[in-house]
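Chain by chain, the residues run as shown.
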Amino acid sequence: MNTVWHVCSVVVHVNTERMAAVNDALEKLPNVDVAASDSDTGKMVVVLESDSEDTLLKHIASIRELAGVLAVSLVYHQLDEPSFDEQSFAFDEQPLDQQAQG
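Residues numbered from 1 in each chain as written. Predicted model: local features only at pLDDT ≥ 70, side-chain atom pairs only at ≥ 80, totals over all residues. Heavy atoms only, no water.

Q: Describe in detail the nonpolar core, supporting the description with residues and values.
A: Core analysis: the biggest nonpolar cluster contains 16 residues, and Val12, Met44, Val46 and Leu48 have the highest contact counts within it. Contributing elements (two or more residues each) for this core: β1 (5–14), α1 (19–27), β3 (43–50), α2 (53–64) and β4 (69–80). Of the residues forming this core, the biggest block, four residues, is contributed by β1. Non-local contacts of Met44, meaning those with residues more than four positions away in its chain, are made with Val10, Val11, Val12, Val14, Met19, Val22, Asn23, Leu26, Val34, Ala36 and Ser37. (Core = buried A, V, L, I, M, F, W, Y, C linked by side-chain atoms within 4.5 Å. Buried < 20%, exposed > 50% of the residue type's maximum accessible area, 1.4 Å probe, protein only. Helix = DSSP H or I, 4+ residues; strand = E, 2+ residues; numbered from the N terminus. Contact = heavy atoms within 4.5 Å.)

Here's what the structure looks like:
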């Protein structure tokens, strides 16, 4: 399987009066997690995950559109791909020493 997985974090600056409503809206988005929030400063750390970069961008755009959101800043993005050992190959199932013999 050749699945790529994207993980990113954003800081969402929110009008302090709208923190609860924004938090509720974020909880409804799939693969979105509010990792930390500070109601005094109106800042939230949000982690997003997806197998598609396009999906992440759509989620970030939808977060920007929420009432009370002042700014969304991308802090981190990681792209995880399967390592060489995790990729599936069509090899003979025999141990390597037996493959060499015959």
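Q: Requested: an account of the pairing of strand β2 (residues 32–38), with residues and values cited.
A: Note that β2 and β3 share six bridges and pair antiparallel. Counted as the bridge partner of Val34 is Val46 from β3. Here β2 folds back onto β3, and the loop between the two strands holds four residues, one of which, Gly42, carries a positive phi near 75°. (Pairing = 2+ DSSP bridges.)

Q: Quick rundown of the sheet that holds β1? Include the residues and the values.
A: Taken in spatial order, the four strands line up as β2-β3-β1-β4 in an open sheet, and their pairing is antiparallel. Strand pairing shows two members of the sheet lacking a second neighbour, β2 and β4, which therefore form its edges. Mean inter-strand twist for the sheet, computed between neighbouring axes without regard to direction, equals 20°. Lying over the sheet, α1 contacts β1, β2, β3 and β4, oriented at roughly 10° with respect to β3. Strand contacts of α2: β1, β2, β3 and β4, with the helix running at about 155° to β3, the strand carrying the most contacts. (Axes fitted to C-alpha atoms, helices over the stretch in contact; angles between N-to-C directions.)

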